[in-house]
Amino acid sequence: MTIRLRPHHLLCLLTYVGKGYSAAFTANYDAIAARIGDGEDVLIVAGPDDICAPLLGDADPHCHRDSVVERDRLALRDLGELLEEPPRIGGSVALDAAVLKQMREAFAAGRTRAACAGCEWHGLCTGISAGGYAGVVIPAD
């Protein structure tokens, strides 16, 4: 199988510690994190992805908002400048230990944080990265 991720979720997964919008969201994210940890292929998609799935039944899921689409654009830009193989819509990304380490170092240094502006999780993610990524679900080793 293949995990479908929108671009800004490539950043979110770096600091995921098992917290989310709801129990269903967190259970789904935990399952996706395990699949990423097992080395499953990741396909970059435009719009809502596998992480968004539990929210799509809400009356007004934020997954469709312009601000979230802008986060995706900024994440693609910043990760494109960082990674040897830039992510693109319709392309695959290998999230192996070396790539996760590189992404986490850039995230902690603030080089890939433009997409995080205005996100309600910004403070949590900042604390996790500042704390050396202690407790993250997807390890980089």
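Residues numbered from 1 in each chain as written. Predicted model: local features only at pLDDT ≥ 70, side-chain atom pairs only at ≥ 80, totals over all residues. Heavy atoms only, no water.

1. Quick word on the layout of surface pockets
Thought 1: For the largest pocket, the calculated volume is near 470 Å³.
Thought 2: Lining the largest pocket we find 32 residues, and of these His 8, Cys 12, Tyr 21, Cys 119 and Trp 121 sit closest to its centre.
Thought 3: Contributions of two or more residues to the lining of the largest pocket are made by helix 1 (9-12), helix 2 (23-37), helix 3 (66-82) and helix 5 (122-130).
Thought 4: Tallied by class, residues from the lining of the largest pocket come to 19 nonpolar, 8 polar and 5 charged.
Thought 5: Counted as a void, the second largest pocket has a volume near 180 Å³.
Thought 6: Around the second largest pocket, the lining residues are Leu 83, Glu 84, Glu 85, Ser 92, Val 93, Ala 94, Val 99 and Gln 102.
Thought 7: Looking at the lining of the second largest pocket, the elements that each hand over two or more residues are strand 3 (92-93) and helix 4 (97-108). (1 Å grid on protein atoms, 1.4 Å probe; cavity = no way out; pocket = protein on both sides within 12 Å on 5 of 7 lines; lining within 4 Å. Points joined across faces, edges and corners; volume = space filled by probe spheres on them. Helix = DSSP H or I, 4+ residues; strand = E, 2+ residues; numbered from the N terminus. Nonpolar A, V, L, I, M, F, W, Y, C, P; charged D, E, K, R; others polar.)

2. So, the side chain of Asp 50
Thought 1: Within the fold, Asp 50 resides in the loop between strand 2 (41-44) and helix 3.
Thought 2: With relative accessibility at 17%, the residue Asp 50 sits in the buried group.
Thought 3: Beyond its immediate sequence surroundings of up to four residues, Asp 50 is in contact with Thr 2, Ile 3, Arg 4, Asn 28 and Ile 32. (Buried < 20%, exposed > 50% of the residue type's maximum accessible area, 1.4 Å probe, protein only. Contact = heavy atoms within 4.5 Å.)

3. Here's the deal with the packing of aromatic side chains
Thought 1: By the definition in use, this model includes 2 aromatic pairs.
Thought 2: Ring plane angle 75 degrees and centroid distance 5.8 Å describe the contact between Phe 25 and Tyr 29, whose orientation is recorded as edge-to-face. With Phe 25 and Tyr 29 both in helix 2, this residue pair falls 4 residues apart, about one helical turn. Each member of the pair Phe 25 and Tyr 29 is classed as buried.
Thought 3: Ring-pair connections join several aromatic residues into one group, and the members of that group are Tyr 16, Phe 25 and Tyr 29.
Thought 4: Seen from the ring of Tyr 133, Arg 104 lies directly overhead, with NZ or CZ sitting 5.3 Å from the centre. (Phe/Tyr/Trp six-rings, centres within 6.5 Å; stacked < 30°, edge-to-face > 60°. Lys NZ or Arg CZ within 6 Å of the ring centre and 35° of its normal.)

4. Brief notes about helix 5
The periodicity of an α-helix, 3.6 residues per turn, causes residues three or four positions apart to be oriented the same way.
Thought 1: Residues Cys 125, Ile 128 and Ser 129 constitute the buried set of helix 5. Along the axis of helix 5, the buried positions cluster into a sector of 95 degrees, meaning they face one direction only. Turned more than 90 degrees off the buried face of helix 5, the exposed positions are Gly 123 and Ala 130.
Thought 2: Buried-residue contacts for helix 5 involve helix 4.
Thought 3: Gly 132 occupies a position one or two residues after helix 5 and carries a positive phi of about 75 degrees. (Arc of directions from axis to C-beta.)

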